[in-house]
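Inside the fold
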Amino acid sequence: MTSLPGGDSAQQPDHRTPVCARCGTTARGTPLTWTYSVEGGVRRHFCEACSRENIRAIEGRLDSDRW
């Protein structure tokens, strides 16, 4: 069994391509202008456009189902 530097593979960051949970836009690389929330234990990413359109709901901590 090979171990990775810095710890167990379960502790390594997730490198999947982010997809906007509202519109389906995919990101290239790390999207600095995107937001994310954790709803029901699941991380959901939102592109810049969807984030801007729903900023009040995001700041009010409403789950995205209520936008």
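Notes on the structure in this doc start here.

How each quantity is defined
- Residues numbered from 1 in each chain as written.
- Predicted model: local features only at pLDDT ≥ 70, side-chain atom pairs only at ≥ 80, totals over all residues.
- Heavy atoms only, no water.
- Helix = DSSP H or I, 4+ residues; strand = E, 2+ residues; numbered from the N terminus.
- Buried < 20%, exposed > 50% of the residue type's maximum accessible area, 1.4 Å probe, protein only.
- Contact = heavy atoms within 4.5 Å.
- Areas by Shrake-Rupley, 256 points an atom, 1.4 Å probe, with all protein chains shown as cover.
- Disulfide = S-S within 2.5 Å.
- Salt bridge = Lys/Arg side-chain N within 4 Å of Asp/Glu carboxyl O.
- 1 Å grid on protein atoms, 1.4 Å probe; cavity = no way out; pocket = protein on both sides within 12 Å on 5 of 7 lines; lining within 4 Å.
- Points joined across faces, edges and corners; volume = space filled by probe spheres on them.
- Nonpolar A, V, L, I, M, F, W, Y, C, P; charged D, E, K, R; others polar.
- Phe/Tyr/Trp six-rings, centres within 6.5 Å; stacked < 30°, edge-to-face > 60°.
- Lys NZ or Arg CZ within 6 Å of the ring centre and 35° of its normal.

**A short note on the overall build of the protein chain**
In terms of regular secondary structure, the protein chain is built from two helices and two strands. When each of the 67 residues of the protein chain is scored for burial, the buried share is 19%. The long-range share in the protein chain, meaning contacts at least 24 apart out of those at least 6 apart in sequence, stands at 27%. Surface exposure of the protein chain reaches about 5,700 Å², of which carbon and sulfur atoms provide 47%.

**A word on the state of the cysteines**
Taken as a whole and assessed by the stated rule, the structure comprises zero disulfides. Left without a disulfide partner, Cys-20 is nearest to the cysteine sulfur of Cys-23, which lies 3.7 Å away. Summary of cysteine pairing: Cys-50 is not part of a disulfide, and the nearest cysteine sulfur, belonging to Cys-47, is at 3.7 Å. Here Cys-50 falls in the buried class, since its relative accessible area comes to 8%.

**Some remarks on the pattern of salt bridges**
This structure, assessed with the given rule, holds two salt bridges. Of the charged contacts in the structure, one is a salt bridge between Arg-44 and Glu-39, with a shortest N-O distance of 3.1 Å. Here Arg-44 falls in the partly exposed class, since its relative accessible area comes to 22%. The shortest N-O distance in the salt bridge between Arg-52 and Glu-48 comes to 3.0 Å. With Arg-52 and Glu-48 both in helix α1 (residues 48–53) and four residues apart, this pair spans about one turn of that helix.

**With respect to the layout of surface pockets**
One water molecule sets the probe size; rolling that probe over the atoms shows where empty space is left. Approximately 190 Å³ is the volume attributed to the second largest pocket. Every residue along the wall of the second largest pocket is listed here: Thr-35, Tyr-36, Ser-37, Val-38, Glu-39, Phe-46, Ile-58, Arg-61, Leu-62, Asp-63 and Trp-67. Considering every element that reaches the lining of the second largest pocket, the biggest residue donor is strand β1 (residues 35–39), with five residues. Along the lines of polarity and charge, the residues of the lining of the second largest pocket split into six nonpolar, two polar and three charged.

**Observations regarding the packing of aromatic side chains**
When we look at a pair of aromatic rings, we describe it by the centre distance and by the angle of the planes. Tallied over the full model, the rule gives zero aromatic pairs. The residue whose ring lies beneath Arg-43 is Tyr-36, and the NZ or CZ to ring-centre distance is 3.9 Å.

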